[in-house]
Amino acid sequence: MQAVLRAFFGYFFLVFIVRIVGRRPGRQLTPFEFVLVFFIGGLALTAMVGDERSFTSAACQIVAIALAHYAMTWARAKSKVIARLADGTPLILMETDAKTGPVWRAETMVKMRIQDADVLFSARDHGLKTLQEVDSAVLERNGDISVIPSDGGGSDGQSTAQGPAAKADAA
Amino acid sequence: MTQAVAKKPVGDSVAKVNEEVAVGEDLGFQRSWWRFERIVWACFVMIIALDLAGAFGRGPLAHARISSADHSLIVRYERIQRTGTPSMMSIRLDAGAVRDGEATLFVSDKLVSALGAQRIIPQPATTRVGNGGLTYTFPVTNPPSTVRIELEPPGPGRFPFEISAGPSASVTADVWVVP
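Just so you know, these numbers come straight off a predicted model, no measurement behind them. Throughout, residues of each chain are indexed from 1 in the direction in which the sequence is written. Chains carry letters and ligands carry numbers; both start at the beginning, A for chains and 1 for ligands, and go up in the order they are written. Two thresholds apply to this predicted model, a pLDDT of at least 70 for residue-level local features and 80 or more for giving and counting side-chain atom pairs, whereas whole-chain, interface and lining totals are computed over all residues.

Only DSSP runs of H or I reaching four residues or more are called helices, and only runs of E reaching two or more are called strands; each is numbered from the N terminus. Secondary structure summary: chain B contains 2 helices and 12 strands in total. Computed over the C-alpha atoms, the radius of gyration of chain B is 29 Å, more than 25% above the 16 Å expected from 2.2 N^0.38 for a compact globule of 179 residues. Across its three principal directions, the C-alpha atoms of chain B cover 95 × 50 × 20 Å. Taking all 179 residues of chain B together, 23% fall into the buried category. Our radius of gyration is a C-alpha quantity, and the globule rule it is checked against amounts to 2.2 Å times the number of residues to the power 0.38. Each residue is classified by how many other C-beta atoms fall within 10 Å of its C-beta atom, where C-beta atoms are placed from the backbone; a count of 20 or more means buried, 12 or fewer means exposed, and values in between mean partly exposed.

Structure follows, in structure tokens:
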């Protein structure tokens with residue numbers, strides 16, 4: 001029974017830690033963040049397993065984590081408050097103002113520990129060559145940076161390969 | 001027969017914050033979250049500092065030393081221990097605790113059951129059970145001499161224990177075991 005409780009605690013504790021450490025998972029993983037993920041995973045394992053090395057214990061813990069994850073996603077879907085606490089909201093990193101042109105959201109960039117280079121990386125990933133071709137950049141809830149090209153052609157930030165090229169030709 | 005498919009119109013469930021892109025950003029919430037994050041980071045630093053100091057065991061704050069009123073029995077132990085983690089309790093017996101070349105040491109049951117005494121060094125000459133604990137006898141040639149008990153607590157909690165080496169040499173203390 002204790003093993004299952006440890007698994008529940010471990011799941012929610014790690015979810016909390018990952019939420020606090022910051023939102024840069026998935027494609028944005030740097031080599032340093034790999035260290036973080038594997039080190040935390042390895043350390044959590046020793047405490048979760050304890051001295052119970054049986055198959056029963058492992059199976060029950062896996063089921064407990066599956067259940068905890070289901071409960072988490074269910075609660076996230078049911079409650080906007082929980083969804084915000086668990087995932088946060090998307091954050092605008094760069095926007096284009098009608099008067100001043102493109103501007104960085106300095107506060108968001110500093111507090112989310114994101115650099116211009118990270119946004120430029122995403123811009124290149126979307127087929128844009130420079131930041132001048134970016135209309136706005138958004139840090140999504142899963143840590144990806146969406147980039148919207150400045151000609152306004154792409155609405156989802158994905159179909160941008162044509163947009164900037166056309167703009168470059170026009171210029 | 002085909003079953004009906006439930007459908008729902010696509011609405012603007014995400015707030016359209018700036019003019020072009022529906023982002024759903026909430027800077028007010030985010031600022032509160034950043035404040036909360038700062039508090040959590042401060043707590044993390046505090047946890048590490050307390051751990052280095054030994055507040056959760058295995059550090060300077062955890063080491064304790066108690067002696068009996070006549071100072072013939074001195075016990076060094078860790079007042080904060082960790083579940084499943086070995087620690088050594090050392091019991092120093094002075095001449096006052098030795099009679100006829102033999103020291104009699106009583107340890108309460110809690111030391112064995114709750115604090116998980118694994119072994120006692122050196123091996124006692126005799127062991128008797130009763131009176132809520134174990135009574136060991138050790139042949140002593142040239143006091144002071146030290147008896148060590150290896151502990152490995154199986155679970156968390158607060159556990160009082162008692163050790164005595166005769167009627168005038170007795171100590172009681174608490175051990176906190178963290179999960």
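Let's shift gears to the overall build of chain A. Each helix and strand in chain A was counted, giving 7 helices and 4 strands. Starting at the N terminus and walking to the C terminus, you meet the elements of chain A as α-α-α-α-β-β-α-α-β-β-α. Put simply, of all contacts in chain A between residues at least 6 apart along the chain, 56% involve residues at least 24 apart. Contact between two residues is assigned whenever their backbone-derived C-beta positions fall within 7 Å.

What follows concerns the interface of chain A and chain B. Contacts between the two partners involve 15 residues from chain A and, on the opposite side, 14 residues from chain B. When residues of the side of chain A that touches chain B are assigned to their parent elements, the largest contribution, 3 residues, is made by strand 1 (residues 91–97) of chain A. Only Asp, Glu, Lys and Arg are considered charged in this grouping, and only Ala, Val, Leu, Ile, Met, Phe, Trp, Tyr, Cys and Pro are considered nonpolar; every other residue, Gly among them, is considered polar. Tallied by class, residues from the side of chain A that touches chain B come to 6 nonpolar, 5 polar and 4 charged.

In this section: the packing of helix 1 (residues 2–21) of chain A against helix 2 (residues 31–49) of chain A. Residue and element names in this part refer to chain A. Contact geometry of helix 1 with helix 2 gives a least axis separation of 11 Å together with a crossing angle of 160 degrees. In this view, helix 1 runs roughly antiparallel relative to helix 2, as classed from their interaxial angle. The two elements helix 1 and helix 2 meet at a crossing, and its hand is right-handed. When helix 1 is examined against helix 2, the residues R6, A7, G10, L14, I17 and V21 are found in contact with a partner set consisting of L36, I40, A44, A47 and M48. For helices, the axis comes from a line fit to the C-alpha atoms of the stretch in contact; other axes are also lines fit to C-alpha atoms, and the angle between any two N-to-C directions lies between 0 and 180 degrees. Any angle that falls under 35 degrees is termed roughly parallel, while one over 145 is termed roughly antiparallel, one within 65 to 115 roughly perpendicular, and all others oblique. Handedness of each helix crossing follows the sense of rotation of the near helix against the far helix: counterclockwise by less than a right angle gives left-handed, clockwise gives right-handed.

Turning our eyes to something else, we now look at the domain arrangement of chain B. All domain edges in this entry derive from an automatic or database-based domain assignment. Domain boundaries assigned for chain B yield domain 1 (25–54) and domain 2 (62–178). The gap between the C-alpha centroids of domain 1 of chain B and domain 2 of chain B is 42 Å.

On to the environment of S67 of chain B. Residue and element names in this part refer to chain B. For S67, the location among the structural elements is in strand 1 (residues 63–67). The exposure class assigned to S67 is partly exposed, which follows from the 15 C-beta atoms found within 10 Å. Along the primary structure S67 and S170 are separated by 103 residues, whereas in three dimensions their C-alpha atoms are 8.1 Å apart. Not counting chain neighbours up to four residues away, the residues in contact with S67 comprise L73, I74 and V171.

Turning our attention to the packing of helix 3 (residues 55–78) of chain A against helix 4 (residues 80–87) of chain A. Packed helix pairs are specified by the crossing angle of their axes together with the interaxial distance, meaning the distance between the axes. Residue and element names in this part refer to chain A. Where helix 3 contacts helix 4, the two axes come as close as 5 Å, and the packing angle between them is 120 degrees. Taken together, helix 3 and helix 4 sit at an angle that is classed as oblique. Of the residues in helix 4, those in contact with M72, A75 and R76 of helix 3 are I82, A83 and A86. In terms of residue class, the contact of helix 3 with helix 4 is made up of 5 nonpolar, no polar and 1 charged.

What follows is about the sheet that holds strand 10 (residues 145–151) of chain B. All names here are of chain B. The pairing criterion is simple: DSSP has to find at least two bridges between the two strands. Taken in spatial order, the 5 strands line up as 1-2-4-10-7 in an open sheet, and their pairing is antiparallel. Edge positions in the open sheet fall to strand 1 and strand 7 (117–121), since each of these has one partner strand only. When strand polarity is set aside, the average angle formed by the axes of neighbouring strands in this sheet is 15 degrees. Relative to strand 10, strand 7 is paired through 4 bridges, and the arrangement is antiparallel. Among the inter-strand pairings, A117 is bridged to a residue of strand 10, identified as L151.

Moving on: helix 2 of chain A. Here helix 2 of chain A is 19 residues long and its end C-alpha atoms lie 27 Å apart, about the 27 Å a rise of 1.5 Å per residue gives. A small share of helix 2 of chain A lies buried, amounting to 1 of its 19 residues. Helix span, expected: 1.5 Å multiplied by one less than the number of residues in the helix.

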